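Close look at the chain arrangement
Okay, here's what each chain looks like letter by letter:
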Amino acid sequence: MQRIADIITKEIKAAGNKLWEVEIDNKQIQIQKTRKEFSGDLTIVVFPLVRYAKSSPEDTASALGNFIKEHCVEIHDYNVIKGFLNLEISKEYWLDFLSGLNDIADYGVTRGNGPLDMVEYSSPNTNKPLHLGHIRNNLLGFSISQILEAAGKTVKKVNLVNDRGIHICKSMIAWQKFGNNETPESTGIKGDHLVGKYYVKFDQEYKKEIAALQEKGEEKKLAENNASLMIEAREMLRKWEAGDKEVRSLWKTMNSWVYTGFDETYEQMGVSFDKIYYESETYKLGKEIVLKGVDDGILIKEDDGSIWADLTQNKLDKKLLLRSDGTSVYMTQDVGTAHQRFAESGFDKLIYVVGNEQNYHFQVLKIVLKNLGFNWSDKLHHLSYGMVELPEGKMKSREGTVVDADDLMDEMIETAKSMSDELGKLGNYSEEEKNNIYRQVGLGALKYFILKVDPKKNMMFDPKESIDFNGNTGPFIQYTYARIQSVLTKAGDVSSIVPEIEMNEKEVELAKLVYEFPDIVSDAAESYNPAIIANYLYELTKEFNQFYHDFSILNAETETSKLFRIQLAGNVGKIIFKGMSLLGIEVPERM
RNA sequence: GGUUCCGUAGCUCAGCUGGAUAGAGCAACAGCCUUCUAAGCUGUAGGUCCCGCGUUCGAAUCGCGGCGGAAUCACCA
């Protein structure tokens, strides 16, 4: 079935030829949804066409309207208000469309093995549990992967775990000194939380030590450097690099605790990966590329042996790529991993889901790769998202002012439970079924809350006010889905042939929204923005609830109307299901 | 100071590839359950779209300049 906007575009061009003997440029053709307060479905903005017609906007609109109405069966009528030509699409077109829907298995989804999009997200440090900021990252990364796949891409989700470095040594030192051989088993504490506890412990003890040194008259900078804990942590990192057996063994043990904990968190969050990279295995990558860059005269070697990229041509600073002792930095490694990934997979896009604090890093990364002669650097895309802010300000892991991911998810589920119990609609369900619904609703609320916001914007999270379950929320959409399922169950099996009926206004509105879904999916994919899906689903759901309130489905005036409404409700339900799954949100059959 | 992003109702957010009288939700107030799930629906109230200039038939949307906020500019990752 041809999309209506394409049909109209063609008609406008034809009208240009016939009426005014001109070729109308596609850029001058503006078709948009008619605003609610006017009658019509689609609106052509005629101002840009006035110069072709050489008459007033009103006359141009009328002439065009007449032409289209005559030549185009899909357009039933039109009206002109100022320079706006409002077109009324025939009910037959919508009925046709809805009939065709039954033959489409996965409406809104483009199938096929499209080009490979690699999405890197999550990328946690292994010294502390995940917090609210990670939640935004994980939800975005997972959701955008789902969306890209629905837009026909082949998607590979990857996670680059930062499992080495001074921060992990800090946890290790603190555990050695103060841990009394605690393990997740001996304490019952989740592994990532246990390790995180010692990361915080390190910082506390470290601060005490600095204060003590300052007390003795040492300067702050010196005190920070000379504190024995820090010296020990640095020594441990050195030993780690040298492959010291004991250090490596402790490192492995504590990391394995963390991974077990992360796996639980990921599972609860509903996210997954196709491949996990470990920085301990990749951190040496990139060095050769950098050295070759020096040979090729692209990079600069300073007298002390350090290697730099001069980006002053690009209005940026110089950037270090190898330390004077020959070791890699973050950038070196990213150059290496990107190169390796391209060599392995020849990705069409490599999407990094990373916070906007790294904007500069990725800007530099692209330029450095480009300068080194890798033309595929254009294929890198930094999906930069804003910080999650708390009312008191920024979250700081070390100071314990974080909203822990596990705690937050548990609280959400608990809230969903008490809310649901109060409403008491799940009477005859088993405990297991109930718990599953609490989980779906609680996490649905959290996920939707985060994903409905434009990724690039900073967002505010107030733990005290927590997250709503009413209004523009996940549970609102889930609730609508559950209502639809309830109706469908009661309706039983019905014919899939769409009856010829005279649709009412609400039914047309819903048909129009259903019609939009595929465009919404491709929009979201192109702009890497799950919020587009979320906001669309809200609009669709709101419209459905109004319809549901105003008209009875099962007690419709006529049998054909009943059949039509059941089918329409079914289609809305399918879109909610699919759309929510693109957000990584489950929908319950009842709630 | 340089760079990037953000600034829309009391609060949280849509709308931004220029288009008609700027929209939701929350909070407040007033209604709607004997009828398909009231986690719903309806209504009232709430605006200098940060400010200024410019481009345009037309600017919340584009450009420039301010103001305010965030991030970043390490031989950390």
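Residues numbered from 1 in each chain as written. Chains lettered and ligands numbered in written order. Predicted model: local features only at pLDDT ≥ 70, side-chain atom pairs only at ≥ 80, totals over all residues. Heavy atoms only, no water.

1. Some remarks on the domain arrangement of chain A
Domain parsing of chain A yields domain 1 (4–89), domain 2 (121–389) and domain 3 (405–582). The straight-line distance from the C-alpha centre of domain 1 to that of domain 2 is 55 Å. (Domains from an automatic or database assignment.)

2. Here's the deal with the protein's contact with RNA strand B
RNA strand B sits among 65 residues. The nearest are D304, R323, K425, Y479 and Y548. Among the atoms of RNA strand B lying within 4 Å of the protein, the sugar-phosphate backbone contributes 63%. For RNA strand B, a base nitrogen lies 2.9 Å from a polar atom in the side chain of T43. In this structure, F551 approaches RNA strand B through a main-chain N or O atom, which is 2.5 Å from a base nitrogen. (Near = heavy atom within 4 Å. Polar contact = N/O pair within 3.5 Å; in protein donor to acceptor, adjacent residues only side chain to side chain.)

3. Some thoughts on the sheet that holds strand β1 (residues 31–33)
Strand order in the open sheet formed by four strands is β1-β2-β4-β3, and the pairing between neighbours is antiparallel. The sheet terminates laterally at β1 and β3 (75–81), the two strands that pair on one side only. Between one strand axis and the next, the sheet turns by 30° as a mean value, whatever way the strands run. Here strand β2 (residues 42–45) runs beside strand β4 (residues 84–89); their pairing, made up of four bridges, is antiparallel. For L42, the partnering residue across the bridge sits in β4 and is L87. (Pairing = 2+ DSSP bridges. Helix = DSSP H or I, 4+ residues; strand = E, 2+ residues; numbered from the N terminus. Axes fitted to C-alpha atoms, helices over the stretch in contact; angles between N-to-C directions.)

4. What about the sheet that holds strand β8 (residues 300–301)?
With antiparallel pairing, the three strands of this open sheet are ordered in space as β8-β9-β10. Both edges of this open sheet fall to β8 and β10 (318–322), since each of them pairs with a single strand only. Pairing geometry for strand β9 (residues 307–310) and β10, over four bridges, is antiparallel. In the sheet register, W308 faces β10, and the bridge partner there is L320. On the sheet, helix α13 (residues 287–295) packs against β8, β9 and β10 and is oriented at approximately 120° with respect to β10. (Contact = heavy atoms within 4.5 Å.)

5. Regarding the packing of aromatic side chains
With the rule as written, the count across this model stands at 27 aromatic pairs. Measuring from ring centre to ring centre gives 5.3 Å for W94 and Y515, while their planes differ by 85°; the resulting arrangement is edge-to-face. Of this pair, W94 sits in helix α4 (residues 91–101) while Y515 sits in helix α19 (residues 505–526), placing them 421 residues apart in sequence. Take W94 and Y515: they sit in the same class, and that class is buried. Their ring planes at 35° and their centres at 5.8 Å tell us that F547 and F551 sit as a pair that is tilted. Through pairs of rings, three or more aromatic residues link up here, namely Y93, W94, F97, Y107, Y515, F517 and Y536. (Phe/Tyr/Trp six-rings, centres within 6.5 Å; stacked < 30°, edge-to-face > 60°. Buried < 20%, exposed > 50% of the residue type's maximum accessible area, 1.4 Å probe, protein only.)

6. Re the side chain of R164
With respect to the helices and strands, R164 occurs in the loop between β6 (154–161) and α6 (166–178). Here E241 takes part through its side chain, which lies 3.2 Å from a polar atom of the side chain of R164. In contact with R164, other than residues within four places in its own chain, are W240, E241, W251, E279, S280 and Y283.

7. Some details on unusual backbone geometry
Not every positive phi belongs to a glycine, and K54 is a case in point at roughly 55°. Relative to the helices and strands, K54 resides in the loop between α2 (50–53) and α3 (57–71). You can call K54 exposed: its relative accessible area is 72%. One non-glycine residue, S122, adopts positive backbone phi at about 80°. With respect to the element layout, S122 can be found in the loop between β5 (116–120) and α5 (132–150).

8. Some words on the packing of α6 against helix α11 (residues 245–269)
Where α6 meets α11, the closest approach of the two axes is 11 Å, and the angle between their N-to-C directions is 100°. For the element pair α6 / α11, the angle class is roughly perpendicular. The segment α6 lies against α11, with I168, S171, M172, W175 and Q176 engaging V247, L250, W251, M254 and W257. Per-class residue counts for the contact of α6 with α11 are eight nonpolar, two polar and no charged. (Parallel < 35°, antiparallel > 145°, perpendicular 65-115°, else oblique. Nonpolar A, V, L, I, M, F, W, Y, C, P; charged D, E, K, R; others polar.)

9. Description of the confidence of the model for chain A
Summary statistics for chain A give a mean pLDDT of 92 and a share of 98% for residues scoring 70 or more. In the predicted assembly, ipTM is 0.96 and pTM is 0.95. (pLDDT = per-residue confidence, 0-100.)

10. Considerations on α5
Between its terminal C-alpha atoms α5 stretches 27 Å, which fits the 27 Å expected from 19 residues at 1.5 Å a residue. Burial of α5 is extensive: 17 of the 19 residues sit out of reach of the surface. Looking one or two residues past α5, G152 carries a phi angle of roughly 95°, positive in sign. (Expected span 1.5 Å × (residues − 1).)

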